[in-house]
Each structure stands twice: as structure tokens, then as C-alpha cells.
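Each chain, written out:
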Amino acid sequence: MPIKDQYSDLLKMTSPCEKLIRRDIARTYPEHEFFKEKDSLGQEVLFNVMKAYSLVDREVGYCQGSAFIVGLLLMQMPEEEAFCVFVKLMQDYRLRELFKPSMAELGLCMYQFEFMIQEQLPELHIHFQAQSFHTSMYASSWFLTIFLTTFPLPVATRIFDIFMCEGLEIVFRVGLAILQMNQSELIQLDMEGMLQHFQKIIPHQLDSGPEKVIQAAYQVKYNAKKMKKLEKEYTTIKTKEMEEQVEIKRLRTENRLLKQRIDTLEKESASLADRLIQGQVTRAQEAEETYLVKRELATVRQQSEDTSAQLEQAKTTIMTLQQPQAKGAPRFSEESVLQLERELVQARLKEAESQCALKEMQDKILDIEKRNASLPDDTNVARLQEELIAVKLREAEALTGLKELRQQVRDLEDHWQRHLARTSGRWKDSPKKNTLSELQDELMSVRLREAEAQAELRESRQRIMELETQSQIHSNQLRRVEQECRGHMEHSTTLMAQNKDLQVQLKEIKRRQAEMECKSKEEVMAVRLREADNIAAMAELQQHISELEIQKEEGKVQVQLNHSDSTQYIRELRDQISELKHEICCLKGQRGVANQPTFDPFDGIHIVNHYIGGVESGQSSDDDAVQDPIQTRGNGGRVKLRPNLRVTDSEEEEEEEDEDEEDDQPLTLIVPPSNNTKSTAV
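Residues numbered from 1 in each chain as written. Predicted model: local features only at pLDDT ≥ 70, side-chain atom pairs only at ≥ 80, totals over all residues. Heavy atoms only, no water.

Engineer: Which residues make up the overall build of the chain, and what values go with them?
Structural biologist: Scanning the chain from terminus to terminus reveals 21 helices and 4 strands. Classification of the 682 residues of the chain by burial places 30% in the buried group. Put simply, 79% of the contacts in the chain that link residues at least 6 apart link residues at least 24 apart. For the chain, the accessible surface area stands at approximately 45,200 Å², while carbon and sulfur atoms represent 52% of it. (Helix = DSSP H or I, 4+ residues; strand = E, 2+ residues; numbered from the N terminus. Buried < 20%, exposed > 50% of the residue type's maximum accessible area, 1.4 Å probe, protein only. Contact = heavy atoms within 4.5 Å. Areas by Shrake-Rupley, 256 points an atom, 1.4 Å probe, with all protein chains shown as cover.)

Okay, here's the thing in C-alpha cells:
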């Protein structure tokens, strides 16, 4: 795809160099009408071109100075064409190598230009070196911007036209012509004066036109073959410098590694020394404690022996006192006997105290012996001492190797300084001296290779020492790990045995728990059975009580009926009926039922009073008559009561039948038949 067609797509993308480009846009041709206004058309198209190129060539990106070349192109053509021309210039006119981040091509140009000054203007070159005025301090902008930031725009445009035809050769010619034109003034100035002269005086010398400097430029001698040779020499010098820098970097890395190794060895040595000292101090403390305990034990034993002797003496005295005196008065008085008994008690107390102290001392001795057993023995201490000595020897060898490497680095630096001094003055010498310098360079390269071989040998020895040290450390660690493993195995076997015992105990506990649970369940079941039996007995008793109460009530009713008159009983029933009727009327008025046909509130109610087998059952239906719904009827009937009292005795029945023939039926409340009827027996 052509570059011109890519331009519009590149403008839509984002470049990582946009901030840098925006910052430098305002400093590009700040006095030109097309670029001096902020956010003007010139600044915008300049930003677009620089952004597009930074996306096309990401290795170069954006470099200060390239904006002046693009700005000059934008003064002559549209932005798309300016972009294409700039890409072509960067690729075919060595500008891309100039603007790379390493700027290797710029260093080559400075080297070639300095050789031309040394060859054609030797006095000025000597003055520049005397003032430490390097070529890059004034000529780097000439090559990067093709004099666009140095001369007025008409002069720079003319030089740029020649550059597009001939390449960078015109930059060498014009630069040397400017130095020739100002040689007399520059020789009389110091470094600051020369900088001021290049920045303020030289740009205004060509205000009249470019013809003068162009003519002087084409009178300068320019040998293309010599420039090619200088390019090869510069490449060789840079290659050697890179190799020497790599060697120095490698030596510095080895130095850093050796320092790290020395630090590690010092730490290991300090750790081993601390362990050794700590072990010795601990053993000394334990020995001192053992000595003190032994001395105390000896003292306690002596006291125990003295106490035993006193006790034996006291026993002998008591036995002597206890023997009866055959003749004469008692040999000892009661006071002396009491005194001896008190002494005996004190002696026994002292003996008990001495036995306790002896027991404590024995416990202390056992504890100290256990701690002594846990401490490293003499063989371990000797091994630690041997390891410490070996580490110190390796540390001394490493220090010696480090000193030798430092001496080699100093020698290489001295050779390098002498080499730089020779190469700086090489261009003033004759060809014969150049041959000698080449031989010296070869000698130096041989020495460098020799130093490199020695460094590699030293490095291999150091690595062998490190590997030996690591193998010893690893072997010691393995031995310690094996000891720890054996201890862990013993501990694990002990724990397994304890675990088995605990499992057996756990099984026994579970078995006992299961037995207890079975017993508790059996007890609970027995309790529940007893409770059920009690509840059944209570229910039977309650039923029997209720039966007795019913029989009692039946007896009371029977007695009442036997002693009461039937007419009085009928009167009471009528009163109850009237009361029920009144209650039904009240309920009807409360419900407010409208447009319903009249009905007899006692429809279907039968009140029966009879005696069966000498036992009277009495029930009332007053409440049922109130609660049940009342059925409607079309024609209500009257209520008829016909009493008939039947007594169990046959004589009473015959008398009742003679007195009233209408009493053939029981006392009944008769209502015309309906769907819902109720009869209540009292």
C-alpha cells in the first residue's frame, strides 16, 4: 500500500510521541507566519506529519530537529506530499540513521568532520583541543537540521536543495567553509566565546545571500574514498570499545558476584562461630552448675551423716535411759530425758530436711544430665571447628582472587587510557607511527585476551570452590536431616503406640457408653410403661366415678318424682314452654328477618316424660330448640298437652287410668308434621 494512501489512516491512530511533538511544535520556526500562531493551520499540519511518521517508523519515533525539515517541506507542498517526501529523505539520505536513538551515524559524521578539520585546519583543531571544544558542541545541529536552525531561511533553503541533490556531502563542505571563514576570530576566543560566536555572529554573516558560502564550500577538498576509510576505522574503534565495555561489564559482574559470595561466606562463618561459641558457653554453664550441685550434694550428705550419727547417739542414750536401774536412784533426771527427746525430734526433723534436699539435688543432677545429653558432643564441636576453618580458608582464597581481579581491572583501565591517548593523537602522526600504534593495539588485544583467560580460569576455580563448599554444606545438612528423621521416626512410633492405646481406650469408652445408653433406654421404657398403666388406672377410676355420679343423679331424680305431684310437674313444664316461646320471639326480633311466613316455634318438638323399669332418664331439649334453625310453615297448629305419668308400680298405674281416661298417652307437645321434628325426653 503506498505511503500516501496510508496517511489518512495514520492520522486516526494514536502515537506515544504526541506529547513530545506538541511540546516542540511551538518552538519550530517561531517567527514564521505559517507557524507562529498557536493552534494555527501550520502547527496542526506539522503535528499531523510528525505523528504519522512516528507511527510509520516506530524505531525512530520522534526526534528533535526533524520538525524543522518537515516544516520546510510544508512551506512548499501539501501535508500528504510533505509526508511522502520526508519518508523518502529519511530512508535514502542517511537521515534515519542520524535520528535513531543510538545516533551512531551522527557519531560517525562527527568523527569524519573532525578528521577533515585536523587535516585542512590543523591550527584550529589544536586550538579546539586545547580548549576542550568538541565537534559535537557546535556541529551536531548542522547535520541534524541541515543548517535550518543556523542560517536564515533563504540560505538554509539553498543548502537544502543541494542536499537533496548530493546528500550529506554538502553539510561537510559548508561546515568546513564556515570554519575557514571564521578561523582567525575563533583562534583568539576561549570556549565560551566560541560558543557565543557560533550562536550569534555566524548566523548573521550570510544575510546578504548564500553565494559566498556556497562558493567557499565547493573549494573545500572532499575525498569520498578517504571518508569510506574513516567510516571503517570508526566502526573498528567502536567495535573495540564495545568489546572492552563488555569485558569491563563482565569483570564488574564477577566482582559483584565475588562480593556477594564473600558476604555469604562471612555470614556462614559468623553463624558457625556463634554456634560454636554458644555451645561452648552452654557447656561451661552446665559444668559450673554441675559443680555447684555436686558441692551442695556433698554438703547435704555430710549433714545427713552428722544427723544420722546424732540420731544413733540419741537412740543409744534413750535405750540406756529406758533400762531399769537395779540399784540406787535413777541415773538421769526427768529434765534430762525431756531434753534428750527434744534433741531427738530436732535431729529427725533435720534428717527429713536433708532427705528432701538430697532428693532435690538428685532431681537436679538428672535434669542436668539430660541437658548434657542433648548438647553436641566433642566430635560435633570439632566438626564445627573444622567447617569454620574451611570456610575461613575459602573466604581468604576468594579475597585473594578479588584482589587479583581488581588489579587486572586497574591494569586494563591504564591500558585503555594509554590506548585513548594514542588514538587521539593518531591523526597527527606519520604513517610509520601508525604502524607502531597498530602493533601496540595488537599487543593490547593479546593482553586483554590473556586477562580474559585468567579471569575465566579464576572464575572456574571460584566455581569449583563454591561447588565444594555447597557439597560440604549439603552433606552436613543431609546428616542433620537424617538425625532429625530418626528422631521423628522414633517420635512417630511413640505417637503410634499412644494412638493405639487411645483407640483401645476409646473403644472401651464407646462400649460402656452403648451399655449405658441401652440401660437408660430400658429404664425410660419401664417408666413410660408405668406411666401408661397409671394413666389407664386413672381413666378407669374417673369412669367409675362418673358412673357413680350418674347413678346418684338418677336416684335423686327418681326420689323427687316419686314424692312430687304430676299436676305440679305439668305446670312446671308449661312454664318452661312459655319461657322458651318468649325467648324464641326475642331471637326473632333481634335477627330482623323480614317477609317470612309465620311459623310455630315449637314445630316438631316432643316432650316425653316416662318411667322405665324404676329408673328415670331426664334430658332437656330447651337449648336445642333455641339453637336449631326454625322451619317455616304455611299454617301453624295449636299446642296440645296430654299428660300421662307412668309409675313402675302396677297399683299406681291402675289408679291413674281410673281417674283420667285421657291419660293413656305420655305427656307430649304435638305440632303438625313438618320436615324437622325434635323430641326431648325428661
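Engineer: Mind laying out helix α7 (residues 104–120), listing which residues take part and the relevant values?
Structural biologist: Between its terminal C-alpha atoms α7 stretches 25 Å, which fits the 24 Å expected from 17 residues at 1.5 Å a residue. With 12 of its 17 residues buried, α7 lies for the most part within the structure. Within α7, burial applies to E105, L106, L108, C109, M110, Y111, Q112, F113, F115, M116, I117 and Q118. Summarising the contacts, the buried residues of α7 are in contact with α6 (95–98), α8 (122–130), α9 (136–145), α11 (169–181) and α15 (224–322). (Expected span 1.5 Å × (residues − 1).)

Engineer: Please set out the pattern of salt bridges residue by residue, giving values where relevant.
Structural biologist: For the coordinates displayed, the defined rule picks out 20 salt bridges. K51 is the salt-bridge partner of E18, the closest N and O atoms lying 3.5 Å from each other. With E18 in helix α2 (residues 18–25) and K51 in helix α3 (residues 41–56), this residue pair connects regions lying 33 residues apart in the sequence. R94 is the salt-bridge partner of E105, the closest N and O atoms lying 2.2 Å from each other. You can see E105 sitting in helix α7 and its partner R94 sitting in the loop between α5 (79–92) and α6, a full 11 residues away along the chain. For E105, a relative accessible area of 13% translates into the label buried. Exposure remark for R94: the relative accessible area of 34% places this residue in the partly exposed category. (Salt bridge = Lys/Arg side-chain N within 4 Å of Asp/Glu carboxyl O.)

Engineer: Quick rundown of a negative patch on the surface? Include the residues and the values.
Structural biologist: A cluster of acidic side chains, namely E572, D575, E579 and E583, defines a negative patch on the protein surface. Mapped onto the elements, D575 comes out in helix α19 (residues 566–591). (Patch = residues over 30% accessible without salt bridge, like charges linked within 9 Å, V, L, I, M, F, W, Y side chains within 5 Å. Lys, Arg positive; Asp, Glu negative; His and termini not counted. Charge placed at Lys NZ, Arg CZ, Asp CG, Glu CD.)

Engineer: Before we move on, could you go through the nonpolar core and cite the residues and values that matter?
Structural biologist: Counting 84 residues, the largest nonpolar core has F113, Y138, W142, F143 and L179 as the members making the most contacts within it. Broken down by element, the residue count for this core peaks at 9 residues, all from α7. Aside from chain neighbours lying at most four places away, what touches L179 is F113, I117, L121, L124, F128, Y138, L186 and F198. Counting 7 residues, the second largest nonpolar core, distinct from the first, contains L258, I262, A398 and L402. (Core = buried A, V, L, I, M, F, W, Y, C linked by side-chain atoms within 4.5 Å.)

Engineer: Residue-level account of the packing of aromatic side chains, with values.
Structural biologist: Under the defined criterion, the tally for this structure stands at 22 aromatic pairs. Residues F113 and F172 carry aromatic rings whose centres are separated by 6.4 Å and whose planes lie at 45° to one another, so their mutual orientation is tilted. Placement of the pair is F113 in helix α7 and F172 in helix α11, with a sequence separation of 59 residues. Note on accessibility: F113 and F172 belong to one class, buried. Site record: aromatic cluster; members linked through ring pairs are F113, F128, F133, Y138, W142, F143, F147, F151, F172, F198 and Y222. (Phe/Tyr/Trp six-rings, centres within 6.5 Å; stacked < 30°, edge-to-face > 60°.)

Engineer: I'd like a description of the packing of α9 against α11, backed by residues and values.
Structural biologist: Direction vectors running N to C along α9 and α11 enclose 145°, while the axes themselves pass 10 Å from each other. Here α9 runs over α11; the crossing is right-handed. Together, Y138, W142 and F143 of α9 and V171, F172, G175, I178 and L179 of α11 make up the contact between the two elements. For the contact of α9 with α11, a count of residues per class yields 7 nonpolar, 1 polar and no charged. (Axes fitted to C-alpha atoms, helices over the stretch in contact; angles between N-to-C directions. Left-handed = near helix turned anticlockwise from the far one by under 90°. Nonpolar A, V, L, I, M, F, W, Y, C, P; charged D, E, K, R; others polar.)

Engineer: How would you summarise the side chain of T28 if you had to cite specific residues and measurements?
Structural biologist: Note on placement: T28 falls in the loop between α2 and α3. Classification of T28 as buried rests on a relative accessible area of 2%. A polar contact is formed between the side chain of T28 and the backbone oxygen of D24, at a distance of 2.9 Å. The contact partners of T28, leaving out residues within four places of it in the chain, are F35, L46, A67 and F68. (Polar contact = N/O pair within 3.5 Å; in protein donor to acceptor, adjacent residues only side chain to side chain.)

Engineer: Tell me about the packing of helix α1 (residues 3–11) against α5, and please be specific about residues and values.
Structural biologist: Between α1 and α5, the least distance of the axes is 9 Å, while the angle of their chain directions is 115°. The handedness of the crossing between α1 and α5 comes out as right-handed. For the pair formed by α1 and α5, the contact residues are I3, K4, Y7 and L10 on the first element and E79, E80, E81, F83, C84 and V87 on the second. Partitioned by chemical class, the residues of the contact of α1 with α5 number 6 nonpolar, no polar and 4 charged.

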